[in-house]
Structures are given as C-alpha cells and as structure tokens.
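# Survey of secondary and tertiary structure
Residues per chain are reported as follows:
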Amino acid sequence: AQSVTQLGSHVSVSEGALVLLRCNYSSSVPPYLFWYVQYPNQGLQLLLKYTSAATLVKGINGFEAEFKKSETSFHLTKPSAHMRDAAEYFCAVKSGGSYIPTFGRGTSLIVHP
Amino acid sequence: DAGVIQSPRHEVTEMGQEVTLRCKPISGHDYLFWYRQTMMRGLELLIYFNNNVPIDDSGMPEDRFSAKMPNASFSTLKIQPSEPRDSAVYFCAIGSSYNSPLHFGNGTRLTVT
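Residues numbered from 1 in each chain as written. Chains lettered and ligands numbered in written order. Predicted model: local features only at pLDDT ≥ 70, side-chain atom pairs only at ≥ 80, totals over all residues. Heavy atoms only, no water.

## Description of unusual backbone geometry
Going from Ser7(B) to Pro8(B), the amide bond is cis rather than trans, its omega being -10°. A cis amide bond links Gln80(B) to the next residue, Pro81(B), at an omega of -5°. Within the secondary structure, Pro81(B) is located in the loop between strand E8 (74-79) and strand E9 (88-95). Of note, Asn41(A) is a non-glycine position whose phi angle comes to about 60°, a positive value. (Helix = DSSP H or I, 4+ residues; strand = E, 2+ residues; numbered from the N terminus.)

## Comments concerning the pairing of strand E8 (residues 73-78) of chain A
Residues and elements named next belong to chain A. The buried fraction of E8 is high, at five of six residues. Taken together, the four bridges between strand E3 (residues 19-27) and E8 define a ladder with antiparallel strand orientation. Within the sheet, the bridge partner assigned to Leu21 lies in E8 and is Leu76. By the bridge criterion, five bridges tie strand E7 (residues 64-68) to E8 in an arrangement that is antiparallel. (Buried < 20%, exposed > 50% of the residue type's maximum accessible area, 1.4 Å probe, protein only. Pairing = 2+ DSSP bridges.)

## Quick word on the state of the cysteines
As enumerated under the stated definition, the model contains two disulfides over all chains in all. The disulfide partner of Cys23(A) is Cys91(A), and the gap between their sulfur atoms is 2.0 Å. The S-S bond linking Cys23(A) to Cys91(A) shows a torsion near -65°; that makes this disulfide left-handed. In this pair, Cys23(A) sits in strand E3 while Cys91(A) sits in strand E9 (residues 87-94), placing the two residues 68 residues apart along the sequence. On the basis of relative accessibility, which here comes to 0%, the residue Cys91(A) falls in the buried class. For Cys23(B), the disulfide goes to Cys92(B), at an S-S distance of 1.9 Å. (Disulfide = S-S within 2.5 Å.)

## Observations regarding the sheet that holds E8(B)
All names here are of chain B. Taken together, four strands build an open sheet; the order of strands is E1-E3-E8-E7 and the sheet is antiparallel. Two strands lie at the open edges of the sheet, namely strand E1 (4-7) and strand E7 (65-71), each paired on one side alone. On average, adjacent strands in this sheet sit at an angle of 15° to one another, irrespective of strand direction. Relative to strand E3 (residues 19-25), E1 runs antiparallel, the two being bridged by four bridges. When the bridges of E3 are listed, Val4 appears paired with Pro25. (Axes fitted to C-alpha atoms, helices over the stretch in contact; angles between N-to-C directions.)

## Examining the side chain of Gln2(A)
Residues and elements named next belong to chain A. Note on placement: Gln2 falls in strand E1 (residues 2-7). Exposure remark for Gln2: the relative accessible area of 16% places this residue in the buried category. For Gln2, the side chain forms a polar contact with the main-chain nitrogen of Ser95, separated by 2.7 Å. Those residues in contact with Gln2, other than ones at most four positions away along the chain, are Ser26, Val93, Lys94, Ser95, Ile100, Pro101 and Thr102. (Polar contact = N/O pair within 3.5 Å; in protein donor to acceptor, adjacent residues only side chain to side chain. Contact = heavy atoms within 4.5 Å.)

On their own, these measurements won't tell you what the molecule is for.
Structure representation (structure tokens):
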C-alpha cells in the first residue's frame, strides 16, 4: 500500500524567503515520487519527479526536492519565494508496480509582499 | 507533447439535468483518469481506463455517474441526474509508463443549482 502525507494545508512566506513544503510517504517498495503545482483555474502541472536516480531533484521555476529514504520524505524547497509561486502544491507517490498515483491533500502556498 | 483538452471549461446546470463532460487526449498515453476536486475531499480518483478499457470504477460515487472511452482520443463522464453535491472541478488526466507523471487537463468546473 502507498500513501502520502503533506504536513500543513497552508504555508505562508514572505517574498524572498525560503519555501519548504513537507511530504512524507509510505511505501513497501522503492517509490516514484512527484510534486505537482496547481495555479488557479488550471490543472495540475508537474514540477519535478524522483525516479531512483539522483536523490536531489531539480525542477522548474527554481524548485528542488530531496529524497530521503531513512526519513521517508520528499520535501519541496525553493531558496527565494516569488509572488508567482502562490499556488496549490501536491505530492504524489507511485509504487509496487502501480500505475495509479496516490496524491496528498495539497498545501496552499501563500506569498506575502 | 502529451496534452489533454477538456470541455466545457464551465458548466452550470439545474438539479436533475444530465451533464456530460468531455476529454480529448492529444497523444502519448495508455491510461486515462477522471478525477474530482473539492475543497472538502481534495482530489478523488473516480475511474481509470487502460487502452480504452475501464479498469477500476470503484471511485464513482453512485450509479448516477458513468464514463466511457470509445477510442483513444475521446472520453466522457456523464452525470444523470445531477445533484448540487456534484458541484466540483472534474479533471481528466493521462499517463503512460510506470515512472511517468500524469498530464492533466484544465478541468471542467461544474455547478449544479
């Protein structure tokens, strides 16, 4: 079985501050992990993915995530937040040969000027 | 590039009416998914198809919901009769290999009054 927990339904930061969005997963086998972003009135778009290569994954718009097996985590970070980063962020996991991802509940990122 | 076109973008209807949501995958997929997104329940998987065949419809809330995929380039989600609690954003998404992400359409926002 696979599951995803995103800690914090809302995260608020100031423009220019560090962004940290947390994701913990549960999987009995090595997982594939994904972060998606959803802007208002749009569908989910892929930010980055981990597929068992490098543990530090770089994505679009300056985001990156690090896979930590010992902590079963895949937290999303960005050194300096921009106003345009305000959106909903979803972590997802695929494992055990399943083509069906399990999504977290999402974290809303709020960026203050 | 894989892509998904959904129509209509917005649908407002009265309780009891039939609603049909449409999805046109552009290319490059073996799987097609229908999701529903609400504030209360987040992102819910309703049904998915593999090579145009429905595989798992256990997420379909009631018999009022049905989905078809007559060919690789077209799928529909029908609600008959519609109820106010069906109000949500409905997404179509496509996927291919096990380690690949999903590609989402921009969704249909359904309001049932």
